Amino acid sequence: IAGITQAPTSQILAAGRRMTLRCTQDMRHNAMYWYRQDLGLGLRLIHYSNTAGTTGKGEVPDGYSVSRANTDDFPLTLASAVPSQTSVYFCASSYSGKPNTGELFFGEGSRLTVL
Amino acid sequence: AQSVTQPDIHITVSEGASLELRCNYSYGATPYLFWYVQSPGQGLQLLLKYFSGDTLVQGIKGFEAEFKRSQSSFNLRKPSVHWSDAAEYFCAVGAREDDKIIFGKGTRLHILP
């Protein structure tokens, strides 16, 4: 049982570099999400996608972009990383297009450090 | 917009003791409410959720929560904690017309042997 797979699990990169965090799910969920988790701030929604081909902005979208070319994959790209993007990133998915009506299934996270 | 507050950053209880984690939300109508648990180094797992109906909700691992509209609260309870319950717990709220779930900042639970 795979569920949601995130890669890499951990990465250190220099400020200004481009970085893509990968997320793949095998549950055929139509909705997918990216959250970042920071100490004392809980989880904050970056971007989401209700279905393949559509994306939307969450609470903290600046500096990030996403794409949803198919049902299974939802990569998160940092075009030019900055130190404030140091965080743990979680990908999640759910059955329905509205996460507030369904259960979110989370990956195990990607720890990103920007120096 | 909806918001959620978890007043306690850390809670310490002895193994076998009862537990209550507090959650207060702000929203103009009846929200969707969730409790998630995160073990160290792991993603989040849903414990229970409230959409409508019975205000006392049963979840996994022996947890329950009660929705109290008059107090805008959704506190999580367990009658007897086990050492394996040590984790971080997140309350979350979703609006019925919104696509987003907003998470609280979390409460870290410590268990004394």
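Residues numbered from 1 in each chain as written. Chains lettered and ligands numbered in written order. Predicted model: local features only at pLDDT ≥ 70, side-chain atom pairs only at ≥ 80, totals over all residues. Heavy atoms only, no water.

J.: Where do I start with the overall build of chain B in this structure?
T.: When you go through chain B residue by residue, the secondary structure sums to 0 helices and 12 strands. The secondary structure elements of chain B, listed N-terminal to C-terminal, are β-β-β-β-β-β-β-β-β-β-β-β. Here chain B, with 113 residues, has 49% of them falling under the buried criterion. Contacts spanning at least 24 positions in sequence make up 55% of the contacts within chain B whose residues lie at least 6 apart. Carbon and sulfur atoms form 49% of the exposed surface of chain B, whose accessible area is close to 5200 Å². Averaged over its 11 positive side-chain charges, chain B has a centre that lies 2 Å from the centre of its 11 negative ones. (Helix = DSSP H or I, 4+ residues; strand = E, 2+ residues; numbered from the N terminus. Buried < 20%, exposed > 50% of the residue type's maximum accessible area, 1.4 Å probe, protein only. Contact = heavy atoms within 4.5 Å. Areas by Shrake-Rupley, 256 points an atom, 1.4 Å probe, with all protein chains shown as cover. Lys, Arg positive; Asp, Glu negative; His and termini not counted. Charge placed at Lys NZ, Arg CZ, Asp CG, Glu CD.)

J.: Where do I start with the sheet that holds strand β8 (residues 76–78) of chain A in this structure?
T.: Strand pairing in a sheet relies on backbone hydrogen bonds, with the paired strands running either antiparallel or parallel. Residues and elements named next belong to chain A. One open sheet accounts for 4 strands, arranged β1-β3-β8-β7; its pairing is antiparallel. This sheet does not close on itself; its edge strands, each paired only once, are β1 (4–7) and β7 (64–66). Taken over all neighbouring pairs, the strand axes of this sheet differ in orientation by 20° on average, direction set aside. Relative to β8, strand β3 (residues 19–25) is paired through 3 bridges, and the arrangement is antiparallel. Looking across to β8, one finds that L21 is bridged to L76. (Pairing = 2+ DSSP bridges. Axes fitted to C-alpha atoms, helices over the stretch in contact; angles between N-to-C directions.)

J.: Just checking my understanding: could you explain the state of the cysteines for this structure?
T.: Disulfides are covalent bonds that link the sulfur atoms of two cysteine residues. Evaluated as defined, the whole model comprises 2 disulfides over all chains. Here C23 of chain A engages in a disulfide with C91 of chain A; their sulfurs sit 1.9 Å apart. Looking down the S-S bond of the C23 of chain A and C91 of chain A bridge, the torsion is -75°, so its handedness is left-handed. Of this pair, C23 of chain A sits in strand β3 while C91 of chain A sits in strand β9 (residues 87–94), and the two are 68 residues apart along the sequence. Across the disulfide from C23 of chain B sits C91 of chain B; the S-S distance is 1.9 Å. Between C23 of chain B and C91 of chain B, the disulfide has an S-S torsion of -65° and is therefore left-handed. Here C91 of chain B lies in strand β10 (residues 87–94) and C23 of chain B lies in the loop between β3 (19–21) and β4 (24–26), a separation of 68 residues in the sequence. (Disulfide = S-S within 2.5 Å.)

J.: What's the story with the side chain of S73 of chain B in this structure? I'm lost.
T.: Considering the arrangement of structural elements, one finds S73 of chain B in strand β9 (residues 73–78). Once residues within four sequence positions are removed from consideration, S73 of chain B is found in contact with C23, N24, Y25, E66, F67 and K68 of chain B.

J.: It is not clear to me how empty space enclosed by the protein should be interpreted in this structure. Could you clarify?
T.: All names here are of chain B. For the structure shown, the criterion picks out 1 cavity of 30 Å³ or more. In this structure, the largest cavity spans a volume of roughly 50 Å³. Lining the largest cavity we find V37, S39, K61, S84, D85, A87 and Y89. (1 Å grid on protein atoms, 1.4 Å probe; cavity = no way out; pocket = protein on both sides within 12 Å on 5 of 7 lines; lining within 4 Å. Points joined across faces, edges and corners; volume = space filled by probe spheres on them.)

So, to be careful, I would describe these as geometric facts and stop short of saying anything about function.
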